[in-house]
Amino acid sequence: MPDDVPPEPLSVEVGSYDRLSQAKERALVVSAMGLPHWIVRDGRSFSLRVETAAEAAVAQELGKFETEQAQRVVAKEAAVSPKIQTLSLYVAAWFLGTAWFLQNVAPATWLDRGEALSSAIVWHGEWWRALTALVLHGDLSHLVANLASGLLFSAFVLPHLGTGLTWLFIVTSGFLGNLINAWFYRASAHASIGASTAVFGALGLLVAIDFVERFSSLATRSRWQLVLPIGAGFALLAYLGVGDTEHSPIDYMAHLWGFLSGLFFGALAGAGKLRERTPLVIQRVAAVLAPTVIAGAWWLAITRSK
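First things first, this report covers the structure right here in the doc. (Residues numbered from 1 in each chain as written. Predicted model: local features only at pLDDT ≥ 70, side-chain atom pairs only at ≥ 80, totals over all residues. Heavy atoms only, no water.)

## Brief notes about the nonpolar core
If you look at the biggest cluster of nonpolar residues, it comprises 43 residues, and the most contacted ones within it are L161, W167, F169, L205 and F259. Sorting the residues of this core by element identifies helix 3 (87-105), helix 7 (140-161), helix 8 (163-184), helix 9 (196-215), helix 11 (252-271) and helix 13 (280-304) as the ones contributing at least two each. Apart from residues no more than four positions distant in its own chain, F169 is found in contact with L161, L205, F265, A269 and L274. Among the nonpolar cores identified, the runner-up in size contains 13 residues, and Y17, V29, A54 and L62 belong to it. (Core = buried A, V, L, I, M, F, W, Y, C linked by side-chain atoms within 4.5 Å. Buried < 20%, exposed > 50% of the residue type's maximum accessible area, 1.4 Å probe, protein only. Helix = DSSP H or I, 4+ residues; strand = E, 2+ residues; numbered from the N terminus. Contact = heavy atoms within 4.5 Å.)

Below is the structure:
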């Protein structure tokens, strides 16, 4: 033992480590406490020693340090997303493609009955329009743009919520976003179509879930770690969801309401750990329910719209 290390029982070992770097890292914890410490070579290991009187306090702080280190390891492992189940992505693409085909072979009144017309939704109670409008598109480029961004966002949500909850929350976010948008434009005959409200709902889900997961771990509960998903989400919303083109005006308010609806449902799902608590049978029911409610809304649109 070096001459400057107090002999036992004036000093005591608080940790033994295989590598010198590990011992030095723990020694920084002791240094932060303003206490003297020594690292002693003990065969093939390195012993971290402190004054005997400080043993209890140092052991407590080193315990906290080891807990934080373990949480960082868990956070890194959790950052590796599980394999994405792609089948539902193909089904969603087929569903929207089929709706596009039907829109083009159906009578002209098909669009009139299904668009999210604010006056009809708010003043005539035709709430189903907030769902039917999600599968109507102005042209092929409109459909392709929504498919590309929607499938991308959905693919990242799937590992966090599971197939059924993912699509049910996406459809619900689009529905709620269109309802709020109709109320926002209730004083005018505002009409909108397209899956983009649900697309930005998927983005909101992803942002909220990521935020909740970061907040739930001490390793990622820092200001910049928490700002990152929110900032990225609003940046994408601004980049993809705001503006107008000559032939296809963008309903940026519908995008905003869809995004905020997704944030709401994503926060609920993340905080409630719904993926872990939802049985497989419920996931399957939700997966069937998502397209079924849209089909049901179209039945109402065909039979009851004025």
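Next comes the rest of the description.
## Regarding the layout of surface pockets
Space inside the second largest pocket adds up to approximately 790 Å³. Taken together, 39 residues make up the lining of the second largest pocket; nearest its centre are S88, A92, T163, W167 and A290. Elements represented by at least two residues in the lining of the second largest pocket include exactly helix 3, helix 7, helix 8, helix 9 and helix 13. Ranked by residues supplied to the lining of the second largest pocket, first place goes to helix 13 with eight residues. (1 Å grid on protein atoms, 1.4 Å probe; cavity = no way out; pocket = protein on both sides within 12 Å on 5 of 7 lines; lining within 4 Å. Points joined across faces, edges and corners; volume = space filled by probe spheres on them.)

## Details of the side chain of T278
Along the chain, T278 falls in the loop between helix 12 (274-277) and helix 13. At a separation of 2.4 Å, a polar atom in the side chain of T278 contacts the main-chain carbonyl oxygen of L274. (Polar contact = N/O pair within 3.5 Å; in protein donor to acceptor, adjacent residues only side chain to side chain.)

## Quick look at the pattern of salt bridges
Applying the stated criterion to the full structure yields five salt bridges. For the salt bridge of E25 with R26, the shortest nitrogen-to-oxygen distance reads 3.4 Å. Take E25: its relative accessible area is 35%, and that puts it in the partly exposed class. K64 is the partner of E61 in a salt bridge, and the nearest nitrogen-oxygen pair spans 3.6 Å. (Salt bridge = Lys/Arg side-chain N within 4 Å of Asp/Glu carboxyl O.)

## Notes on the sheet that holds strand 2 (residues 37-42)
Two pairing modes exist for strands in a sheet, parallel and antiparallel, and in both the strands are linked by backbone hydrogen bonds. The three strands are arranged 1-3-2 in an open sheet whose pairing can be described as antiparallel. Edge strands, defined here as strands with exactly one partner in the open sheet, are strand 1 (11-17) and strand 2. Across the sheet, the mean angle separating the axes of adjacent strands is 30 degrees when strand polarity is ignored. Looking at chain direction, strand 2 and strand 3 (residues 45-51) are connected through six bridges and run antiparallel. (Pairing = 2+ DSSP bridges. Axes fitted to C-alpha atoms, helices over the stretch in contact; angles between N-to-C directions.)

## Some thoughts on helix 9
With 20 residues, helix 9 should cover 28 Å at 1.5 Å per step; its first-to-last C-alpha distance of 28 Å lies within 8% of that length. In terms of residue burial, helix 9 counts as a mostly covered element, since 15 of its 20 residues are buried. (Expected span 1.5 Å × (residues − 1).)

## Some remarks on the packing of helix 7 against helix 8
Across the interface, helix 7 lies against helix 8 with an axial gap of 8 Å and an inter-helix angle of 130 degrees. On the basis of the axis angle, helix 7 is oblique to helix 8. The two elements helix 7 and helix 8 cross, and the hand of that crossing is right-handed. Residues L151, S154, V157, L158 and L161 of helix 7 form the contact with helix 8, whose participating residues are T163, L165, T166, W167, F169 and I170. (Parallel < 35°, antiparallel > 145°, perpendicular 65-115°, else oblique. Left-handed = near helix turned anticlockwise from the far one by under 90°.)

## Describing the packing of aromatic side chains
All chains considered together, the criterion is met by eight aromatic pairs. Both rings, one in W127 and one in F175, keep their centres 6.3 Å apart while their planes meet at 80 degrees; by these two values the pair is edge-to-face. Pair noted here: W127 is in the loop between helix 5 (118-123) and helix 6 (129-132) and F175 is in helix 8, with a separation of 48 residues, a long-range link. In this structure W127 comes out as partly exposed when scored by relative accessible area, which is 41%. Above the face of the W183 ring, R186 is positioned so that its terminal group lies 4.2 Å from the ring centre. (Phe/Tyr/Trp six-rings, centres within 6.5 Å; stacked < 30°, edge-to-face > 60°. Lys NZ or Arg CZ within 6 Å of the ring centre and 35° of its normal.)

Read these as layout, nothing more, since geometry by itself doesn't imply function.
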